[in-house]
Amino acid sequence: MQVGDVFGPFIIRISREQLVRYAGAADDYNPIHYNDAVAKAFGFPGVIVHGMLNMGLMASRIMEQVEPSARLEQFHVRFRQMVLPDHELMITARVRQIEERIAHLDVQLGEKDTKPAVTGRMRIRLPG
Amino acid sequence: MLILDAERLGEHSPWRVHEVERGAIAKFARALQLDNPIHFSPERAHAAGYRDVVAPPTFVVTLLPWEIPGLTLPEAGVLHGEQEFEWAAPICAKDEIRVSGWIEGVKTRTGQQGQMTLITVASEGINQAGEIAFRARAVLVVTEEVAHAGG
């Protein structure tokens with residue numbers, strides 16, 4: 001890993017089925033993630049993706065790219081826009097700094113040609 | 001409606017103990033479409049140096065504290081503005097993680113939708129060996145309208 005390296009863009013699409021699976025796995029049954037009528041009552045166009053599912057997908061896609069013994073030590077995200085299921089999304093990361101085997105990455109998730117919906121910073125401890 | 005007791009800011013909730021189960025880790029990993037065997041196979045996890053199957057990082061969202069002292073959130077409409085996790089000791093199946101949460105800070109901001117309250121809720125998880133497993137920090141955003149709804 002070098003400063004300036006870019007990982008991605010990784011193209012993903014989150015299905016409604018995945019929202020239901022995640023709701024069960026995370027024990028998060030907020031109806032805005034599975035009930036269109038409730039989501040619309042809150043002003044959304046329909047059900048939206050759990051912020052924490054977006055964060056989990058960002059963490060896992062990026063950590064799949066680094067050496068298996070690297071450890072994710074910290075991850076901070078801002079949720080800026082809603083994310084909708086069945087839309088094509090891109091996850092991208094860029095290595096900002098590496099110092100004493102600690103890498104700092106800027107990470108984002110969003111639709112193509114729009115402002116990112118989720119932006120974040122990751123700190124990864126590299127082996128050796 | 002939103003009820004905040006400023007005098008209880010920083011007060012830690014009593015420990016809530018979570019027993020981490022293999023099935024819960026596998027279910028969470030499948031929901032993220034992960035296929036790394038360290039989340040599913042104890043043998044492969046051992047070979048990779050873990051005590052047992054290891055949880056994906058954001059599995060910590062399932063390790064919630066008891067009620068946060070001094071905080072009652074509106075039933076609906078609370079926005080999740082930011083989330084931060086720090087991970088230390090790996091979280092593996094059969095771990096016993098005790099978790100406590102507290103209000104770390106409260107800010108108000110005036111925006112297009114009137115006044116907003118930004119509440120930072122922190123939590124910490126410690127494993128059976130007394131090692132820190134994770135620290136979490138969430139910024140919850142409550143608009144004026146949501147704060148007074150149902151009140």
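It should be noted that the structure appears before, not after, this text.
To keep things clear, this report deals only with the structure shown in the data block. (Residues numbered from 1 in each chain as written. Chains lettered and ligands numbered in written order. Predicted model: local features only at pLDDT ≥ 70, side-chain atom pairs only at ≥ 80, totals over all residues. Heavy atoms only, no water.)

Counting from both sides, the interface comprises 23 residues of chain B and, opposite them, 25 residues of chain A. Broken down residue by residue, the surface that chain B buries against chain A is led by Ala31, Leu32 and Trp87 of chain B, which jointly contribute 24%. Where chain B packs against chain A, one counts 1 salt bridge. Where chain B packs against chain A, one counts 9 residue pairs in polar contact (both at pLDDT 80 or more). Counting only elements with at least two residues in the side of chain B that touches chain A, the list comes to α1 (22–31) and β4 (79–87) of chain B. No other element matches β4 of chain B, which puts 8 residues into the side of chain B that touches chain A. Residues belonging to the side of chain B that touches chain A are distributed by class as follows: 12 nonpolar, 7 polar and 4 charged. (Contact = heavy atoms within 4.5 Å. Buried area = accessible area lost by both parts, 1.4 Å probe. Salt bridge = Lys/Arg side-chain N within 4 Å of Asp/Glu carboxyl O. Polar contact = N/O pair within 3.5 Å; in protein donor to acceptor, adjacent residues only side chain to side chain. Helix = DSSP H or I, 4+ residues; strand = E, 2+ residues; numbered from the N terminus. Nonpolar A, V, L, I, M, F, W, Y, C, P; charged D, E, K, R; others polar.)

A cluster of nonpolar side chains, Val20, Tyr29 and Tyr34 of chain A, forms an exposed patch at the surface whose accessible area comes to about 330 Å². With a relative accessible area of 47%, Tyr29 of chain A lands in the partly exposed category. (Patch = residues over 30% accessible without salt bridge, like charges linked within 9 Å, V, L, I, M, F, W, Y side chains within 5 Å. Areas by Shrake-Rupley, 256 points an atom, 1.4 Å probe, with all protein chains shown as cover. Buried < 20%, exposed > 50% of the residue type's maximum accessible area, 1.4 Å probe, protein only.)

Moving on to the nonpolar core. Judged by nonpolar contacts, the single largest core of 60 residues is most densely connected at Tyr22, Ile62, Phe75, Leu105 and Met122 of chain A together with Ile91 and Phe134 of chain B. Per-element tally for this core: the top contributor is helix α3 (residues 51–63) of chain A, with 8 residues. Beyond its immediate stretch of four places on either side in the chain, Phe134 of chain B contacts Val60, Leu63, Glu86, Trp87, Ile91, Ile97, Val99, Ser123, Glu124 and Gly125 of chain B. The next biggest cluster of nonpolar side chains, apart from the first, holds 11 residues, and it includes Ile119, Ala138, Leu140 and Val142 of chain B. (Core = buried A, V, L, I, M, F, W, Y, C linked by side-chain atoms within 4.5 Å.)

Right, let's get into the packing of helix α1 (residues 16–26) of chain A against α1 of chain B. At a minimum axis distance of 8 Å, the contact between α1 of chain A and α1 of chain B shows a crossing angle of 155 degrees. For the element pair α1 of chain A / α1 of chain B, the angle class is roughly antiparallel. Of the two possible hands of crossing, α1 of chain A and α1 of chain B adopt the one that is left-handed. Of α1 of chain B, the residues touching α1 of chain A (which contributes Gln18, Arg21, Tyr22, Gly24, Ala25 and Ala26 of chain A) are Lys27, Phe28 and Ala31 of chain B. Residues of the contact of α1 of chain A with α1 of chain B, tallied by class, amount to 5 nonpolar, 2 polar and 2 charged. (Axes fitted to C-alpha atoms, helices over the stretch in contact; angles between N-to-C directions. Parallel < 35°, antiparallel > 145°, perpendicular 65-115°, else oblique. Left-handed = near helix turned anticlockwise from the far one by under 90°.)

Another aspect to go through is the pairing of strand β7 (residues 132–143) of chain B. Residue and element names in this part refer to chain B. Summarising burial for β7: 9 of the 12 residues are buried, a large majority. Bridge count between β4 and β7: 8 bridges; the pairing is antiparallel. Each residue of the ladder has a partner; that of Gln83, found in β7, is Ala138. Sheet topology places strand β6 (residues 114–126) next to β7; 11 bridges connect them, and they run antiparallel. Bridging across to β7, Ile126 finds its partner in Ile132. The turn joining β6 and β7, which pair antiparallel and follow one another in sequence, is formed by 5 residues; a positive phi near 85 degrees is taken by Gly130. (Pairing = 2+ DSSP bridges.)

Geometric values such as these leave the question of function open.
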